[in-house]
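Observations on the model geometry
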Amino acid sequence: MAQRDWVEWHREYDDPSSLLSRRLELVQGHLRAELDHATAGDIRLISLCAGQGRDVIGVLAGHPRRDEVHARLVELDERNAAAARQAAQAAGLDGVEVLQADAGITDACAGAVPAQIVMVCGVFGNITVSDIQATVAALPGLCAPGALVLWTRHRRPPDLTTAIRTWFGEAGFREEAFDISQDGFMSVGAHRLTGEPAELVLGQRLFTFVTRT
């Protein structure tokens, strides 16, 4: 994993004008809309590399479906995992589990999938191109039928978002939205699984964090 202070990285969220804050707003908007329109009953959610869980916890805390959501937030950094756990407890979100583990290995998903909502935010900008493609190809193994996947990626040259969107189509997903921040730098994709879900393959390495790509 790249040598980066991921707690310090999260401090940008405290600045409403930062790139991360603008990305967070887009991600939360899609998650909120998905919860608003979800069918009645329990909703299973998994977030890979969830950090402090701001995108998920920030929405669930005030959402009427909050008690129906069973979420697993997977985060490797011990301090960020502790912050996410504390935030979930403070919000009274008993259905939110924070697992300190390497989200790049499928074992971290066991028992939390298939999920109706899969979040891969803050991942594709920190892994290799081949790992992005492999991760997208493996996502049907995390999904329930008709699941929504939310993902993010910067648009710094070379802009890989066109390729990523193509890979989602090849993996059996239909694009429902592709939003770009006003500055043109950050993008958020929302893809719906229209193909068949797959079995989760345990012990599979999907990605490893490297220097920013």
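In the block above lies the structure referred to throughout.
Residues numbered from 1 in each chain as written. Predicted model: local features only at pLDDT ≥ 70, side-chain atom pairs only at ≥ 80, totals over all residues. Heavy atoms only, no water.

Right, let's get into the nonpolar core. The nonpolar side chains of a soluble globular protein tend to be buried with one another. Membership of the largest hydrophobic core comes to 36 residues, with the highest contact counts inside it found for Ile46, Val118, Val120, Phe124 and Phe168. Looking at this core, the elements that each hand over two or more residues are strand E1 (43–48), strand E4 (115–120), helix H5 (129–138), strand E5 (143–154), helix H6 (161–170) and strand E6 (173–180). What Val120 contacts, discounting residues up to four positions off in sequence, is Leu48, Leu139, Val149, Leu150, Trp151 and Thr152. Counting 27 residues, the second largest nonpolar core, distinct from the first, contains Val27, Leu35, Ala50 and Val98. (Core = buried A, V, L, I, M, F, W, Y, C linked by side-chain atoms within 4.5 Å. Buried < 20%, exposed > 50% of the residue type's maximum accessible area, 1.4 Å probe, protein only. Helix = DSSP H or I, 4+ residues; strand = E, 2+ residues; numbered from the N terminus. Contact = heavy atoms within 4.5 Å.)

Each pair of packed helices gets described by two things: the angle between the helix axes and the distance between those axes. Running from amino to carboxyl end, H5 crosses H6 at an angle of 30°, the nearest separation of the two axes being 9 Å. When the axes of H5 and H6 are compared, the pair comes out roughly parallel. Considering only the axes of H5 and H6, their crossing is right-handed. Listed contacts from H6 to Val129, Ile132, Gln133 and Val136 of H5 are Ile164, Trp167 and Phe168. Among the residues making up the contact of H5 with H6, the classes are represented as six nonpolar, one polar and no charged. (Axes fitted to C-alpha atoms, helices over the stretch in contact; angles between N-to-C directions. Parallel < 35°, antiparallel > 145°, perpendicular 65-115°, else oblique. Left-handed = near helix turned anticlockwise from the far one by under 90°. Nonpolar A, V, L, I, M, F, W, Y, C, P; charged D, E, K, R; others polar.)

Before going further, it helps to examine the pattern of salt bridges. Applying the stated criterion across every chain yields a total of 11 salt bridges. Close ionic contact of Glu175 with Arg165 constitutes a salt bridge, the shortest N to O distance being 2.7 Å. Of this pair, Glu175 sits in strand E6 while Arg165 sits in helix H6, and the two are 10 residues apart along the sequence. The class of Glu175 is partly exposed, set by a relative accessible area of 33%. Here Glu176 ties to Arg174 by a salt bridge, and the two come within 2.8 Å at their closest N and O atoms. (Salt bridge = Lys/Arg side-chain N within 4 Å of Asp/Glu carboxyl O.)

Before going further, it helps to spend a moment on the sheet that holds E4. Taken together, the seven strands give an open sheet; going across it, the order is E3-E2-E1-E4-E5-E7-E6, and neighbouring strands pair in mixed fashion. Among the strands making up the open sheet, the edge pair consists of strand E3 (96–100) and E6. Strand-to-strand twist in this sheet, taken as the mean axis angle between neighbours without regard to direction, amounts to 15°. With three bridges connecting them, E1 and E4 associate as parallel partners. Its bridge partner being in E4, Ile46 is matched across the sheet by Val118. Contacts from helix H2 (residues 19–37) reach E1, strand E2 (69–75), E4, E5, E6 and strand E7 (186–193), with the element oriented near 20° to E7. Packed onto the sheet, H6 meets E5, E6 and E7 and runs at close to 170° relative to E5. (Pairing = 2+ DSSP bridges.)

Taken residue by residue, H5 has Asp131, Ile132, Thr135, Val136 and Ala138 as its buried positions. The buried residues of H5 occupy one face: seen down the axis, they fall within an arc of 165°. For H5, the elements touching its buried residues are E5, H6 and E6. (Arc of directions from axis to C-beta.)

Everything listed here is a matter of geometry and, on its own, says nothing about what the molecule does.
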